[in-house]
Each structure stands twice: as structure tokens, then as C-alpha cells.
Amino acid sequence: MRFDVVTLFPEMIMTAASYGITGRAQERGIVGLSAWNPRDYTTDRHRTVDDRPYGGGPGMVMKYQPLHDALTAAKQAGFGSVKVVYLSPQGKPITQALLTEALKLQQLILVAGRYEGVDERFVELDCDDEWSIGDYVISGGELAALVVIDAITRLLPGALGDEESAQQDSHVNGLLDCPHFTRPEQVDGKAVPDVLLSGNHADINRWRMKQALGKTWQKRPDLLRKKELTAEQEKLLKEFVNQVELN
Ligand code: 9D3
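What counts and how
- Residues numbered from 1 in each chain as written.
- Predicted model: local features only at pLDDT ≥ 70, side-chain atom pairs only at ≥ 80, totals over all residues.
- Heavy atoms only, no water.
- Patch = residues over 30% accessible without salt bridge, like charges linked within 9 Å, V, L, I, M, F, W, Y side chains within 5 Å.
- Areas by Shrake-Rupley, 256 points an atom, 1.4 Å probe, with all protein chains shown as cover.
- Salt bridge = Lys/Arg side-chain N within 4 Å of Asp/Glu carboxyl O.
- Helix = DSSP H or I, 4+ residues; strand = E, 2+ residues; numbered from the N terminus.
- Pairing = 2+ DSSP bridges.
- Axes fitted to C-alpha atoms, helices over the stretch in contact; angles between N-to-C directions.
- Contact = heavy atoms within 4.5 Å.
- 1 Å grid on protein atoms, 1.4 Å probe; cavity = no way out; pocket = protein on both sides within 12 Å on 5 of 7 lines; lining within 4 Å.
- Points joined across faces, edges and corners; volume = space filled by probe spheres on them.
- Nonpolar A, V, L, I, M, F, W, Y, C, P; charged D, E, K, R; others polar.

Caption draft 1: Structural context of a nonpolar patch on the surface. A cluster of nonpolar side chains, contributed by Tyr136, Ile138 and Leu143, occupies part of the molecular surface with about 290 Å² of accessible area. Structurally, Leu143 can be placed in helix H6 (residues 142–153).

And the structure:
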């Protein structure tokens with residue numbers, strides 16, 4: 001899969017994505033990544049990418065033509081099934097399901113806006129979808145593009161090491177993760193749960209599922225309401241809830 005990002009700050013994308021899982025996936029040829037700067041597609045002597053909004057008001061708007069020409073160059077660098085996504089506060093909130101759907105694409109083009117956003121004709125004429133990373137304000141689309149690239153890359157076969165598995169990820173199964181512990185056995189009088197030292201892997205797996213269900217119930221009950229639990233999971237969650245209500 002290849003990612004192309006239309007951005008006024010290409011180095012922000014290329015540098016951040018060179019670390020960790022996304023960096024290794026590029027080295028392994030699992031993903032390709034390029035950035036396209038609308039400023040390189042301007043034709044005036046000041047290389048102008050923004051202009052004042054019609055109707056007045058504060059802030060600036062990204063001009064149509066440099067965006068369109070940068071996007072055209074990005075499209076020409078790819079092949080096969082492509083989707084153009086504009087990252088914006090007005091977009092649909094990204095979910096694990098939305099990202100999983102993107103795995104079928106050969107090319108995902110992400111458009112990162114700056115200023116107040118892009119000329120609406122670019123959204124209507126040139127983009128297939130509009131995505132948001134959540135209901136809070138960030139300064140531009142670049143960090144959102146990096147979130148999308150990272151989250152999709154870890155779903156691609158071979159991108160994660162033997163240790164990590166996308167299947168075990170929280171949100172892939174619709175639950176929060178269970179707690180994790182490493183040495184030492186005691187920290188400030190807090191011991192590691194006995195079951196994790198028992199060596200009984202059936203017990204350990206049951207404990208982890210119970211904790212995942214319990215933490216989700218405590219911190220994100222909205223996730224539990226969406227999820228169908230097995231009879232075993234219902235039993236484990238009841239045990240967790242009873243334990244909490246005793247304490
Ligand atoms: C005054 C109205 N604001 C819109 C909510 C102005 C505004 C804020 C932030 C215009 C652009 C931006 C830049 N944000 C993004 O480009 C962005 C974003 C975000 O701010 N929140 C969540 N997801 C995203 S994806 C891109």
C-alpha cells in the first residue's frame with residue numbers, strides 16, 4: 001500500500017513516519033510514503049498557497065489550484081484503487097472499522113489542511129471522503145495524517161514483529177487492553193497479581209479477559225454497550241463487577 005500526503009509541511013510527515021513501526025514498514029517495502037507540497041505547484045512569484053476568505057472574516061483559506069495540481073501529481077505516482085481523503089474537523093470520526101476498510105486500497109491520498117481549511121470546491125470536486133481524528137482542535141491535518149498512516153500500517157501483514165499482533169490490539173476486539181506488569185514483583189508495596197506468576201496459561205488468559213472486560217466497563221461503558229459478549233465473557237464481567245462492589 002502507498003500513502004501520499006498533500007501538505008505544506010512535507011518534512012513533518014516524512015520525519016515522524018521514519019520512526020518505529022512506520023519506519024520499519026517502509027524499509028521492508030510494506031508501505032510507500034511520499035509527500036506533495038502545494039507550494040511546489042504555485043505559478044506566481046510569491047508561491048502563494050492561501051488567500052482571504054470570500055465574505056470576510058478571520059484567517060486564510062488554501063487556494064484551489066495549488067492543491068489540485070499537487071493532488072494530480074500524487075495520483076500520477078500511484079496506480080490501482082485510490083481514495084482521496086481530506087482530514088478536517090468536519091470529517092467523520094475515524095474508527096478501527098473505517099481504517100480496516102482502507103486496507104483494500106492500493107493508494108491512500110491524505111490531504112492535510114492548514115489555516116482555516118481548503119477551498120470547499122476542492123473538497124467537493126477532488127476528495128472522496130472527509131475524516132476527523134476526534135472532537136478537539138489541532139492546528140492542521142499533518143498530525144491527523146500521521147495517525148491514519150500509523151494506524152493502517154500496523155494492520156498490514158508483516159508490519160508488526162512476532163511480539164506484537166494487530167489481532168491482540170485493543171479496539172480490534174472492541175475492548176480496552178488488560179493491565180500489564182514487569183519486574184520487580186513489588187513496587188511501593190503493590191504486588192503483581194499472583195495468577196500472572198502461576199504459569200497456568202488458561203487461568204492467565206481468563207484473568208486477562210476478565211480485566212479487559214472490567215476496565216472497559218469502568219472506563220468505556222459505551223464500548224461494552226456496542227459489543228455482543230459470549231456466555232463466558234458475561235460470567236467473567238459479572239465476577240469483576242461483584243468483586244468491585246464488595247471492595
Ligand atoms: C473556528 C473553527 N475551527 C474549525 C473547528 C477552525 C479550525 C480549527 C482547526 C480550522 C482548521 C483546523 C485544523 N484542524 C485540522 O486540520 C484537523 C483536525 C482537527 O482539528 N481536529 C480533529 N481532526 C482533525 S483532522 C484535521
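Caption draft 2: The arrangement of the sheet that holds strand S7 (residues 129–132) in detail. Strand order across the open sheet formed by five strands is S2-S1-S6-S5-S7, with parallel pairing between neighbours. Where the open sheet ends on each side, the last strands, each with one partner, are strand S2 (32–36) and S7. Here the strands of the sheet are splayed against their neighbours by 30° on average, with no regard to which way each runs. Set on the sheet, H6 makes contact with strand S1 (2–6), S2, strand S5 (82–93), strand S6 (107–112) and S7; between it and S6 the angle comes to about 160°.

Caption draft 3: Spotlight on empty space enclosed by the protein. Applying the stated criterion to the full structure yields two cavities of 30 Å³ or more. By volume, the largest cavity amounts to about 40 Å³. Lining the largest cavity, in full, are Lys83, Leu98, Glu101, Ala102, Lys104, Leu105 and Trp131. Taken together, the residues of the lining of the largest cavity break down into four nonpolar, no polar and three charged. Taken as a whole, the second largest cavity encloses approximately 30 Å³ of empty space.

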